[in-house]
Amino acid sequence: MKAAQLTGHGAPGKFELRELPEPKPAADEVVVQVQSCGLNHLDLWVEEGGLPIPVRLPRTPGGEIAGRVVEVGSGVKSWHPGDEVAVQSNLFCGECEFCRRGEESFCPRRESLGVDRDGGFAEKVVVPARVLARLPAGMDFDTSAALTLAGSTAMHMLTDRAEVHAGDWVLVIGGASGVGSAAIQIAKQLGARVLSTASTEAKRALARHLGAEFVLDANDPGWPAEIRRITGKGADLVIEHVGGEVLQKCFECLARGGTIVTCGATAGREVPFQIWPFFVKQHRLVGSYGRNRADVLAVLDWAAAGKLRPVIDSVFPLDQTAAAFDRLRSRKVLGKVLIEPFEPVSESD
Ligand SMILES: [Zn+2]
């Protein structure tokens, strides 16, 4: 089978379309033929070698997989060849205290697909059967691949790590990104009034289209003051996935008693912290990492019900994987970049 493998770190990194042996499932694993796989900032970290953990090369990146089961291990009873599935990218053990209570995002034995083991920028991928989720009837693979990782990250931030009350002001940083575009829609569905930031007019138009009432220019240093002016008190909840100076600015426009949930550090990993206003205003800063299985299932349900729409920027074939990475790195992306290792089968067949 063909796989787009990273053979050297860099920005851009070195990719090779390689012919690999057919993957074989262990007793509790399945082989999935990858129909579509979303690209995420995590993949850029893998490409650059910028993660806090070493990544062994060659490695096939890609964690946001939708496809068809083609082979199951001897112990797998609930999945069969032909089943259409999404794959949860944070592989979990299923046995620890966290997994047993449905909080797989805390699993200490977690592995990330495309980081710790080969992922979905390949014709086939082998994964434990417990990380599969069945695609709702009629859902196309691109919709799933555009939402399974980014959308469930946003779902986890908004529904597990924080709580949205009807009428709350929710600020979504980077509203045209994969996480941001889902977060705007989810917050809106939960009854929030949504504010967002974005760096170009095209991105701001997309954020407004998705349901943000006010969208500020992320390049204008005055945006936190503008958030305070619009809301009269600051944002009740901020969904933040950038880190660095942006995270600092989020504190400047956070209402008393407000919460920032953060899940990323692309703009910087060290942030000076003013503890005095933090306790006086009784702020909360909450970390969020990955997702639970329930978040993946919720995202698929919401998408099937038309409550959450994928935003697809572009689709690349497998042999253009390096170009897809270039596209995401360009920061001109509106929504998701996808790679389709197999041509989708026509609905009428
Ligand atoms: Zn576990």
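For the structure itself, consult the block above.
Per-chain numbering applies: the sequence of each chain, read as written, is numbered from 1 onward. Only residues with pLDDT of 70 or above have their local features reported here, since the model is predicted, and side-chain atom pairs are shown and tallied only from 80 upward, although totals for entire chains, interfaces and linings are computed over all residues. Values reported for side chains reflect all heavy atoms of the structure, with hydrogen atoms and water molecules removed beforehand.

Trainee: Which parts of the structure should I look at to understand the packing of aromatic side chains?
Mentor: Aromatic rings in a pair are described by how distant their centres are and how their planes are angled relative to each other. Stacked, tilted and edge-to-face are the three classes applied to pairs of Phe, Tyr and Trp rings, where Trp contributes its six-membered ring and a pair requires centres within 6.5 Å; stacked means planes under 30 degrees apart, edge-to-face means over 60, and tilted covers the rest. Applying the stated criterion across every chain, the model contains 8 aromatic pairs. A ring pair is formed by F121 and F325, whose centres lie 5.9 Å apart and whose planes are at 80 degrees; its orientation type is edge-to-face. On the criterion of sequence distance, the pair formed by F121 in the loop between β7 (111–112) and β8 (124–128) and F325 in helix α11 (residues 321–329) is long-range, its members being 204 residues apart. Considered together, F121 and F325 belong to a single accessibility category, that of buried residues. Each helix is a run of DSSP H or I of at least 4 residues and each strand a run of E of at least 2, with the numbering of both proceeding from the N terminus. When a residue's accessible area, from a 1.4 Å probe over protein chains only, is under 20% of the maximum for its type it is buried; when over 50% it is exposed; and in between it is partly exposed.

Trainee: Can you walk me through the packing of helix α7 (residues 223–231) against helix α8 (residues 244–252) in this structure?
Mentor: For any two helices packed against each other, the geometry comes down to the angle between their axes and how far apart the axes lie. Angular values range over 0 to 180 degrees, each being the angle between N-to-C directions of two axes fitted as lines to C-alpha atoms, with helices fitted over their stretch in contact. At a minimum axis distance of 9 Å, the contact between α7 and α8 shows a crossing angle of 30 degrees. The angle between the axes of α7 and α8 places the two elements in the roughly parallel class. Viewed along their axes, α7 and α8 form a crossing whose handedness is right-handed. Taken together, the residues of α8 that come into contact with α7 (itself represented by W223, P224 and R228) are V246, K249, C250 and E252. Gly is put with the polar residues, along with every residue not named as nonpolar or charged; the nonpolar set is Ala, Val, Leu, Ile, Met, Phe, Trp, Tyr, Cys and Pro, and the charged set is Asp, Glu, Lys and Arg. The residue makeup of the contact of α7 with α8, split by class, is 4 nonpolar, no polar and 3 charged. Any angle that falls under 35 degrees is termed roughly parallel, while one over 145 is termed roughly antiparallel, one within 65 to 115 roughly perpendicular, and all others oblique. Crossings are sorted by hand: turned counterclockwise from the far helix by less than a right angle, the near helix makes the crossing left-handed, and turned clockwise it makes it right-handed. Residue contacts follow a heavy-atom distance rule, with two residues in contact if any of their heavy atoms lie within 4.5 Å.

Trainee: Looking at this structure, how should I read α11?
Mentor: The α-helix winds at 3.6 residues per turn, so residues separated by three or four positions along the chain end up facing the same way. Turning to α11, its buried residues are T321, A324, F325 and L328. Axial view of α11: buried residues confined to an arc of 100 degrees, hence all on one face. In the core, the buried residues of α11 are packed alongside β1 (2–8), β2 (14–19), β3 (29–39), α1 (41–48), β16 (312–317) and β17 (336–340). Immediately downstream of α11, the backbone of R331 shows phi near 65 degrees, a positive value. As used here, the arc is the angular range of directions from the helix axis to the C-beta atoms.

Trainee: Explain the sheet that holds strand β14 (residues 254–262) to me, please; I cannot follow it from the model alone.
Mentor: Sheet strands line up and pair through hydrogen bonds in the backbone, either parallel or antiparallel. Whether two strands pair comes down to DSSP finding at least two bridges between them. Ordered by their spatial adjacency, 6 strands build an open sheet running β12-β11-β10-β13-β14-β15, and the pairing between neighbours is parallel. Two strands lie at the open edges of the sheet, namely β12 (214–217) and β15 (284–287), each paired on one side alone. Put simply, the sheet's adjacent strands are angled 20 degrees from each other on average, direction ignored. Bridging between strand β10 (residues 169–172) and strand β11 (residues 193–198) involves 4 bridges; their strand directions are parallel. The residue of β11 that forms the bridge with V172 is S196. Running at roughly 165 degrees to β12, helix α6 (residues 201–210) makes contact with β11 and β12 of the sheet.

Trainee: Help me understand the pattern of salt bridges, please; the structure alone is not making it clear to me.
Mentor: Between side chains of opposite charge, pairing is possible as soon as their charged atoms come close. The salt bridge criterion pairs a side-chain nitrogen of Lys or Arg with a carboxyl oxygen of Asp or Glu, the two atoms within 4 Å. In total, this model carries 24 salt bridges according to the counting rule given. A salt bridge links E201 to R204; the shortest N-O distance between them is 3.3 Å. Of the two residues, E201 and R204 both sit in helix α6, 3 residues apart, roughly one turn of that helix. Of the charged contacts, one joins R327 and D313 as a salt bridge, the two residues approaching to 2.8 Å between their closest N and O atoms.

Trainee: Mind showing me how you'd approach the coordination of the zinc ion here?
Mentor: For a metal bound by four donors in tetrahedral geometry, the ideal donor-metal-donor angle is 109.5 degrees, whereas six donors in octahedral geometry ideally sit at 90 or 180 degrees. A donor here means an N, O or S atom no more than 2.8 Å from the metal, or no more than 3.2 Å when the metal is Na, K or Ca. Since water is not included, a site may seem to lack partners. Only C93 (SG), C96 (SG), C99 (SG) and C107 (SG) from the protein reach the zinc ion as donors, at distances of 2.3 to 2.4 Å. Geometry is assigned from the angles between donors: four donors with all angles from 85 to 135 degrees make a tetrahedral site, four or six donors whose opposite pairs exceed 155 degrees while the rest stay between 65 and 115 make square planar or octahedral sites respectively, and everything else is labelled irregular. Viewed at the metal, the 4 donor atoms of the zinc ion are separated by angles of 105 to 118 degrees, and the geometry they form is tetrahedral. The motif formed by the donor residues of the zinc ion, counted along the single chain, is C-x2-C-x2-C-x7-C. Taken individually, C93 and C99 each receive the classification buried, so the pair is uniform in this respect.

Trainee: I would appreciate a short explanation of a nonpolar patch on the surface in the present structure.
Mentor: In this scheme, patches are assembled from residues that exceed 30% relative accessible area and form no salt bridge. Like charges are connected within 9 Å, while nonpolar side chains (Val, Leu, Ile, Met, Phe, Trp, Tyr) are connected within 5 Å. For the area figures, the Shrake-Rupley method with a 1.4 Å probe applies, and any residue is considered shielded solely by the protein chains shown. A cluster of nonpolar residues, F273, I275, W276, F279, V280 and L285, forms a patch on the protein surface that exposes about 620 Å² of accessible area. Here the nonpolar patch gets 4 residues from one element, more than from any other, and that element is helix α9 (residues 275–280). With respect to the helices and strands, F279 occurs in helix α9.

Trainee: What should I look at first to understand the side chain of E104 in this one?
Mentor: Positionally, E104 belongs in the loop between α2 (97–100) and β7. Among buried Asp, Glu, Lys and Arg side chains, E104 stands out as unpaired, with R293 the closest opposite charge at 5.9 Å. As used in this structure description, the phrase polar contact means that two N or O atoms lie within 3.5 Å; if the pair is within protein, one of them must be able to donate a hydrogen and the other to accept it, and residues adjacent in sequence are counted only when both atoms belong to side chains. Engagement of the side chain of E104 in a polar contact is seen with the backbone nitrogen of R293, the distance being 2.9 Å. For E104, the contacting residues outside a window of four places in its chain are Q88, N90, F92, F98, C99, R291, N292 and R293. Charge counting follows a simple rule: Lys and Arg are positive, Asp and Glu are negative, and His as well as the terminal groups are ignored.

Trainee: Help me out: how do you make sense of the side chain of N292 in this one?
Mentor: Here N292 lies in the loop between β15 and α10 (293–304). Relative accessible area serves as the criterion here: at 7%, N292 is assigned to the buried category. Engagement of the side chain of N292 in a polar contact is seen with the backbone oxygen of G102, the distance being 3.5 Å. Not counting chain neighbours up to four residues away, the residues in contact with N292 comprise Q88, G102, E103, E104, S105, H156 and D160.

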